[in-house]
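# Structural overview
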Amino acid sequence: MNDYIKLGDEYLLHAYNRYPIVLERGDGVKLYDDKGKEYLDFAAGIAVYALGYGNREFNDALKAQIDKIMHTSNLYYNEPACEASREVCRITGMDRVFFTNSGTEAIEGAIKTARKYAFLKDGTTDHNIISMEHSFHGRSMGALSVTGNAHYREAFEPGIGNVRFADYNDLASVEKLVDDKTCAVIMETVQGEGGIHPAEEDFIKGVRKLCDEKGMLLILDEIQCGMGRTGYMFAFEKYGVRPDIVTIAKALGNGVPVGAFAVTKDVADNSIVPGDHGTTYGGNPFACAAVTEVIRQFESRDIVGHVKALTPVLEKALDDLASSHDIVVEHRGVGFMRALELKVPCADVIKKAQEEGLLIISAGANTLRLVPPLIIEEDDIERMKNLLDKALG
Ligand SMILES: Cc1ncc(COP(=O)(O)O)c(C=O)c1O
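Residues numbered from 1 in each chain as written. Predicted model: local features only at pLDDT ≥ 70, side-chain atom pairs only at ≥ 80, totals over all residues. Heavy atoms only, no water.

### Overview of the packing of helix α4 (residues 79-92) against helix α11 (residues 285-300)
Axis separation between α4 and α11 bottoms out at 8 Å; the angle between their running directions is 40°. Classed by the angle they form, the pair α4 and α11 counts as oblique. Crossing angle aside, the handedness with which α4 passes α11 is left-handed. Two secondary-structure elements touch here, α4 through P80, A81, E83, A84, E87, V88, R90 and I91 and α11 through P285, C288, A289, V291, T292, I295 and E299. Taken together, the residues of the contact of α4 with α11 sort by class into ten nonpolar, one polar and four charged. (Axes fitted to C-alpha atoms, helices over the stretch in contact; angles between N-to-C directions. Helix = DSSP H or I, 4+ residues; strand = E, 2+ residues; numbered from the N terminus. Parallel < 35°, antiparallel > 145°, perpendicular 65-115°, else oblique. Left-handed = near helix turned anticlockwise from the far one by under 90°. Contact = heavy atoms within 4.5 Å. Nonpolar A, V, L, I, M, F, W, Y, C, P; charged D, E, K, R; others polar.)

### Describing the pairing of strand β7 (residues 182-188)
Burial within β7 is extensive, with seven of its seven residues counted as buried. Inspection of the sheet shows strand β5 (residues 128-132) paired to β7 by three bridges, in the parallel sense. Residue pairing in the sheet places I129 in a bridge with A184 of β7. (Buried < 20%, exposed > 50% of the residue type's maximum accessible area, 1.4 Å probe, protein only. Pairing = 2+ DSSP bridges.)

### Overview of the sheet that holds strand β4 (residues 96-100)
Strand order in the open sheet formed by seven strands is β4-β12-β11-β10-β7-β5-β6, and the pairing between neighbours is mixed. Strands at the two margins of the open sheet, each flanked by one partner only, are β4 and β6 (163-166). Pairs of neighbouring strands in the sheet enclose a mean axial angle of 20°, with direction left out of account. As judged from the five bridges shared by β4 and strand β12 (residues 259-263), these two strands associate in the antiparallel manner. Within the sheet, the bridge partner assigned to F98 lies in β12 and is F261. Sheet strands touched by helix α5 (residues 103-122): β4, β5, β7, β10 (217-221), β11 (245-248) and β12. Its angle to β11, the strand with the most contacts, is close to 165°.

### What to know about the layout of surface pockets
In this structure, the second largest pocket occupies an estimated 1,100 Å³ of space. Taken together, 30 residues form the lining of the second largest pocket, with N74, R96, V97, F98 and F99 sitting closest to its centre. Breaking the lining of the second largest pocket down by element, the ones donating at least two residues are α4, β4, β12 and α10 (265-269). (1 Å grid on protein atoms, 1.4 Å probe; cavity = no way out; pocket = protein on both sides within 12 Å on 5 of 7 lines; lining within 4 Å. Points joined across faces, edges and corners; volume = space filled by probe spheres on them.)

### Notes on the packing of aromatic side chains
All told, the structure shown has five aromatic pairs when counted by the stated rule. Ring centres 4.3 Å apart and planes at 35° place the aromatic pair Y49 and Y53 in the tilted group. On the basis of relative accessible area, Y49 is assigned to the partly exposed category, the value being 23%. Its relative accessible area of 10% is what places Y53 among the buried residues. For the pair F98 and F261, a centre-to-centre distance of 5.3 Å together with 25° between the ring planes defines the contact as stacked. Of the two residues, F98 sits in strand β4 while F261 sits in strand β12, which places them 163 residues apart along the sequence. Positioned over the ring face of Y32 is R25, at 4.2 Å from the centre of the ring. Lying over the aromatic face of Y152, R139 brings its terminal NZ or CZ to 4.0 Å of the ring centre. (Phe/Tyr/Trp six-rings, centres within 6.5 Å; stacked < 30°, edge-to-face > 60°. Lys NZ or Arg CZ within 6 Å of the ring centre and 35° of its normal.)

Here it is in structure tokens:
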């Protein structure tokens, strides 16, 4: 194990503080390191591996596609991309989709689409975008510019410019920032990195109404909270709100790097045209075969129904932990997207949990984040509770 840690520390750019664990393989909701130690995974590669590790049908679908063709470029059509585009439009209720290689790139595409939409309306380019404090949308210059964490942006200013930050769940703070040049509001339907904070119903409905009144586009970032995690295929379904643009990634590929932004017909017809946007890899046959197989399994296994059914069990387990440990300030969350806010920094608890054989992550310095694979069962929740109980103790 130490050899790989030494190797990585020597050659990987030090962009991360990695835990000293070398993960080697997975099986269902369990991961194994190179010493054979087993971990119960309540992190899922940061809300990615929804359908679990070693998923035979998923792996077979990928292998079959590898044997046919993995990449063609977007200069031609390919079967998996065409099928996956129909499926993503069907599950999002959107009309057209652009495939990307990551969540960040989905955000980039959404920002460009909103700016182009506004440009075609009035011929000017000085439009602004309203985003939310404590939001997270990614690390590239555009996505970083709309990320509501000043610390992440500080060394990389100036960003794309013309971005204003409102307070999440405070409609008046959004209203105050709107002017004739505001082209879009971007927000997570449930803030993830910011500490697992769901949108309040009045807020998200109010923002939708404001966007309609002022001719602004509503971009909902469902990269983390979408694809079943909240007990809905997309978190916005719960509120009966339809975005103009939705961004997706993470569980969409179940480990294959793929993201997407999907748009309404109005946006599609009045924004991006050939030459405006592109990517070499985006929507390649390999990634899109993954997308279609993920959606097929979500539906054939009723993953959303499973999350809904088990949410009270997970909720109760974490409520119990919160009430039996003084260092827990509060338990909050929705579906399988959960947080325990602590009175103390959570790094030690995360390390202790790893020693016990449980993988969890953080969402801010004091908040533990649990975003397990969506296929966990009751006994996995019970085991997580026992392990986390020890770690908190
Ligand atoms: C809500 C949200 N948006 C965007 C991103 C960026 O996605 P990616 O890391 O795939 O580029 C993330 C990643 O954590 C996210 O949680």
